[in-house]
Every structure is written in C-alpha cells, then in structure tokens.
Amino acid sequence: MAAKQTEPVTIISLRELNLGTPEPQPKESKTFTVEDAVETIGFGRFHVALFLIMGSTGVAEAMEIMLIAVVSPVILCEWQLENWQVALVTTMVFFGYMVFSILFGLLADRYGRWKILLISFLWGAYFSLLTSFSPSYIWFVFLRTMVGCGVSGHAQGLIIKTEFLPTKYRGYMLPLSQVFWLTGSLLVIGLASVVIPTIGWRWLIRITSIPGIVLTVAFMVTKLMGSLLASPPAGPVALLPHRYLSHVHLSPYFIPESARFNVSTGNTQAALVTLECIAKMNRSVMPEGKLVEPILEKRGRFTDLLDAKYLRTTLQIWVVWLGISFAYYGVILASAELLERDLVCGSRSELEVVVTVGVSEESQSPCHCQVFAPSDYQTMIISTIGEIALNPLNILGINFLGRRLSLSITMGCTALFFLLLSICTSSAGLIGFLFTLRALVASNFNTIYIYTAEVYPTTMRALGMGTSGSLCRIGAMVAPFISQVLMSASFLGALCLFSSVCVVCAISAFTLPIETKGRALQQLK
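Here the structure is a predicted model, which is why all the values come from computation and not from measurement.

Caption draft 1: Seen up close, the packing of helix 19 (residues 403–420) against helix 22 (residues 491–510). Between helix 19 and helix 22, the shortest axis-to-axis distance is 8 Å and the interhelical angle comes to 170°. It follows that helix 19 is roughly antiparallel to helix 22 by the angle criterion. Judged by the twist between their axes, the crossing of helix 19 over helix 22 is left-handed. Touching Arg-404, Leu-405, Leu-407, Ser-408, Met-411, Gly-412, Thr-414, Ala-415, Phe-418 and Leu-419 of helix 19 are Leu-495, Cys-496, Phe-498, Ser-499, Cys-502, Val-503, Cys-505, Ala-506, Ala-509 and Phe-510, all from helix 22. Residues of the contact of helix 19 with helix 22, tallied by class, amount to 15 nonpolar, 4 polar and 1 charged.

As structure tokens, this is what we get:
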C-alpha cells in the first residue's frame, strides 16, 4: 500500500516539472531607421550622381544672382539711373528671396523637398526670361524681384543631399558644392564679357535662364518616367524586354524625394523603395529587418524654431547668416565698384568717359558713364576663382576643428581683410586682397550652410534653412547701399562697417551651443 501511495506523487511531480518548463518564445523582428539605412548603404555611385544633379542647382542660382553685378553698369547707362536706383535692383531681388525663402521652407517640410525644388526652377526660369523683355526700369525691378522669389527654393537641393549623405561624408561632400556656385559665377562673368559688348545685356539674361529651363525639363521627365514605371506596363511599353525596364526603373531615383521626409509623413513604402534603389546603385545591402519610423503630424511649425531647446541656436544662426550674407555680397558689389571707379587710390574717381554700350538697338544712345573694360572682367574672374582657393583648408577645418571653431576663424580673417582693402596698393595688390576676401566669405557660407542643415531635425530642417536664408537676404539687401552708395561717400567708413559685422559674427559662431561635427541627423525634435 505504501508503494502504491508514493507512485502517484512521483508522477505528479514529473508533470509539474514538465509544465514548469518555459515555452520557446518567438524571436522579435528586427527594425531599422532611415539613419541606419543611410549609414549601412554607405557612399557610392548614387551619391556622386545626386551630387552632380543637385549641384547644378547652384550653377543656375549663381548665374541669376551674379547677373546683377555685371548688368548694373549697363542699365545705369541705358536708363540714366542714380546709384541708389541701381542698388535698389539688388535689394528687391533679395527682398523676394527673403519672403519666399520662408514660404518655400514651410511648404517643403509639409509637402516635400522635391516638389518645391521643381516649382522654384520653373518660377525662376520663367521670370528670368521675361526680364530680358523689360521695357523700363520699373518692369526690370519687378521681374528681377520675381526671379529672387523663385531661386530661393533652390536650397532644397542642398537639404536633399544632406539627408542622403552618411555622417562622415557630409563634411567633405557639402563644401565641394561650392564648385557649382563658382562655375555659375564664372560662366556669367565670361558670358558678360562677350555678350554685352556684342549683342547686348538682354541676350545675356536670356542665356542665363537656360540652366533653369534645362533643370525644369529634367525634373519633369524623370517624374513622368517614375509615374510610368510605378504602374504595370501597358501598350507599347509592355513589349519592351523586362531587363530593359528593370534598368530604367533606377533612373527616377537620381532625383528622389527625401526618404527622411517620406517616413515623417507615414509614406514608409516610398522611402523603402528609394533606399533599396540606392543600395542597388551603390552595390551595397540594406539593413536587416523592417523600416520603422514614427509618423510626425506636426511639421514645418515656426514655433518649433523658437522652442527652448533651439531658441539660442536659432537666434545666433540668424545673426551669423545675416552677417555672412552682408559680407559676401558686399565683397562682390564692392569689387565692381572698386574696378569701376578705383576708390582706393582715386585715380579714376573723377573721370567720365563717353561710351556706347553694345551694338544692339536697346543700347545705341551714348551717355556719360563708366562700364567694365575687358581687363575688369579678367579681374572679376580672378577674384571669383578665389572662392574655391580655401576649399581644401575649409574642408579640413570643418572636419577636424569642428563647424563652430572653423567658422569663427574664417569670419575673423574676413574682418581683417576688409580693413586691408583700405591700403592704397597696385592693381595686383588689389586683386590679391579681393581674391583672399572672396575665398574667406565663400568658406563662411560653406560652413554655415552645413551647420544649419545638420543642427535641425527633419520636421523643421527645411524651415530652419528657409528662415536662415530669409534673414541672410536682409544682409544682402543692405549690402548694395553700403557698397554702391556709402562707399562712394566714405570708403573707410564702409570698410569699417563690414569689418565690425564680421567680428560680431565670429563671436556668435564661436559661442553656438551645439556642435554638429560627427552628429547624426536628428529625425525628431
């Protein structure tokens, strides 16, 4: 009986042990973010293609902005304008840029970078072409203002590049974008030296509108191809070999919408397709798992820029942008003024030469004015090339010293060289000072562009860039009145003003609260 009583207890104990053994749990599925995908895919052919295509927006923008510097002496003669009227043209261009830079930034954070970029190309090219038919000074000012509105959207190209680049490559690739601005500037100066004396300034404006037209067509064609290939082939397209279609399917992603923007709106599938195409082009692999990012309903809100976390950063960035733009366009316009009247040593300040500008019908009336000689165009080209001279040092500074320290050093040097312009020197000396100044102000712009694109999260990156670009244009609007009006009355006073502003910017840059060197792009605020 005792043995019979212990047997059930043993069985129960075994069952309890069996039931106490934990059941095998299913493995958790892996997930990844856009940041993980961008870093895993790495740098490759896609980024080179994107760099070239988005960089071409810099060519178009530079040609439209720099056009005023070479056309100003001609319209001053043709319409017999005062200095302040010539300065007003530049001011109104940047006024349009200022207003629409904020608007395009808001729209880009809400509806996408790609759409705003296309609109800006179409807008800028259309009104630029119309400018060449301006019947009067008033029409010229209005139409150039509309061009300024259009080109303000070109900054979205830089944002798209920034959002696709791996962290360690941003400090190297983004400063190289300066090459495209330099190319556009040299093109418009070179064309002006040939076109203005032969067929007139109106044809120069028509020629400078061509890059914007080409970019508009390119974007529309790739969008059409993307729409066509997104749906099942039908009709004649269905007869094409599958191998050919799969190859063409990659083409729309040379000009993609930002994957970071797509996931922020909940369009995860579009972001995934874009990232997969990038991985194929780069002959790389995607991270394992599922793409997961939170949907961000509140995007592109101005109040976010003034949130406690970003308030100080935003205010100091605005100061730096305003000052950099003031110095940059001040150098460009002062170069033209120095070459036109030689204010440093005064050898040509009292001269007036009777000239006939061009041979076209719109410029046959002679008047007393001073226009650029061939040697002046050569000097402008040399000083413009200076914009790329410090690029290698700028890249090293950005990547090893950091964005803040690099910017404060170049701003301090800019202040010094503005004062050195007051020295009465030879033509070669003047060219040397202008060359160095152009190199420094270009480096300033490089660094602040990169810093602004990196410091804000995806939800307000375009708005942050837009508002900064808008404040930047205030400096550009004031610069013509200092370079073209005040400089004629008090040359040293104008230079001291430029130098003082650069010192303030150097201090503001040095004390920025966030360093973005080696920092991943933020998706959330």
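Caption draft 2: Region of interest: helix 3 (residues 45–78). Over its 34 residues, helix 3 extends 49 Å from the first C-alpha to the last, a length consistent with the 50 Å expected when each residue adds 1.5 Å. At Val-71, helix 3 shows its strongest bend, of approximately 50°, with the proline Pro-73 following within four residues. Most of helix 3 is tucked away, with 28 of its 34 residues classed as buried. Within two residues after helix 3, Gln-80 carries a phi angle of roughly 50°, on the positive side.

Caption draft 3: View of the pattern of salt bridges. Here the structure, examined in full by the defined rule, presents 9 salt bridges. Its salt-bridge partner being Glu-454, residue Arg-403 comes within 2.8 Å of it at the nearest N-O pair. Separated by 51 residues along the polypeptide, Arg-403 in helix 19 and Glu-454 in helix 20 (residues 427–455) bring together distant segments of the chain. One exposure class covers both Arg-403 and Glu-454, and it is buried. The partner of Glu-515 in a salt bridge is Arg-404, with the nearest N and O atoms 3.4 Å apart. Here the residue Glu-515 occupies a position in the segment after helix 22, and Arg-404 occupies one in helix 19, the gap between them amounting to 111 residues. Here Glu-515 falls in the partly exposed class, since its relative accessible area comes to 23%. Among the ionic contacts, a cluster of salt bridges with common partners joins Asp-109, Arg-113, Glu-163 and Arg-461.

Caption draft 4: Spatial organisation of the state of the cysteines. Considering all chains together, one arrives at 0 disulfides under this definition. Left without a disulfide partner, Cys-505 is nearest to the cysteine sulfur of Cys-502, which lies 6.3 Å away.

Caption draft 5: Focus on the packing of helix 18 (residues 391–401) against helix 19. Look at helix 18 against helix 19: their axes get within 6 Å of each other, and the N-to-C directions meet at 140°. What the angle tells us is that helix 18 and helix 19 run oblique. In this structure, helix 18 uses Asn-394, Gly-397, Ile-398, Asn-399 and Leu-401 to contact helix 19, whose residues at the interface are Arg-403, Leu-405, Ser-406 and Ile-409. Partitioned by chemical class, the residues of the contact of helix 18 with helix 19 number 4 nonpolar, 4 polar and 1 charged.

Caption draft 6: Spotlight on unusual backbone geometry. Unlike most non-glycine residues, Gln-80 shows phi in positive territory, near 50°. Take Gln-80: it is sitting in the loop between helix 3 and helix 4 (83–111). Given a relative accessible area of 65%, Gln-80 falls into the exposed group. Despite not being glycine, Arg-283 shows a phi value in the positive range, around 55°. If you trace the backbone, Arg-283 turns up in the loop between helix 14 (268–281) and strand 2 (290–291). Overall, the relative accessible area of 71% leaves Arg-283 in the exposed class.

Caption draft 7: A look at the side chain of Asn-391. When you line up the elements, Asn-391 lands in helix 18. Engagement of the side chain of Asn-391 in a polar contact is seen with the side chain of Asn-446, the distance being 3.0 Å. Filtering out sequence-adjacent residues up to four positions away, Asn-391 remains in contact with Pro-175, Leu-176, Gln-178 and Asn-446.

Caption draft 8: How the structure looks around helix 20. Between the first and last C-alpha of helix 20 there are 42 Å, a value that for 29 residues agrees with the 42 Å anticipated at 1.5 Å per step. Counting buried positions along helix 20 gives 22 out of 29 residues, so the element sits mostly inside the fold.

Reading the values: the criteria
- Residues numbered from 1 in each chain as written.
- Predicted model: local features only at pLDDT ≥ 70, side-chain atom pairs only at ≥ 80, totals over all residues.
- Heavy atoms only, no water.
- Axes fitted to C-alpha atoms, helices over the stretch in contact; angles between N-to-C directions.
- Helix = DSSP H or I, 4+ residues; strand = E, 2+ residues; numbered from the N terminus.
- Parallel < 35°, antiparallel > 145°, perpendicular 65-115°, else oblique.
- Left-handed = near helix turned anticlockwise from the far one by under 90°.
- Contact = heavy atoms within 4.5 Å.
- Nonpolar A, V, L, I, M, F, W, Y, C, P; charged D, E, K, R; others polar.
- Expected span 1.5 Å × (residues − 1).
- Bend = angle between axes of the 7 residues up to and from the residue.
- Buried < 20%, exposed > 50% of the residue type's maximum accessible area, 1.4 Å probe, protein only.
- Salt bridge = Lys/Arg side-chain N within 4 Å of Asp/Glu carboxyl O.
- Disulfide = S-S within 2.5 Å.
- Polar contact = N/O pair within 3.5 Å; in protein donor to acceptor, adjacent residues only side chain to side chain.

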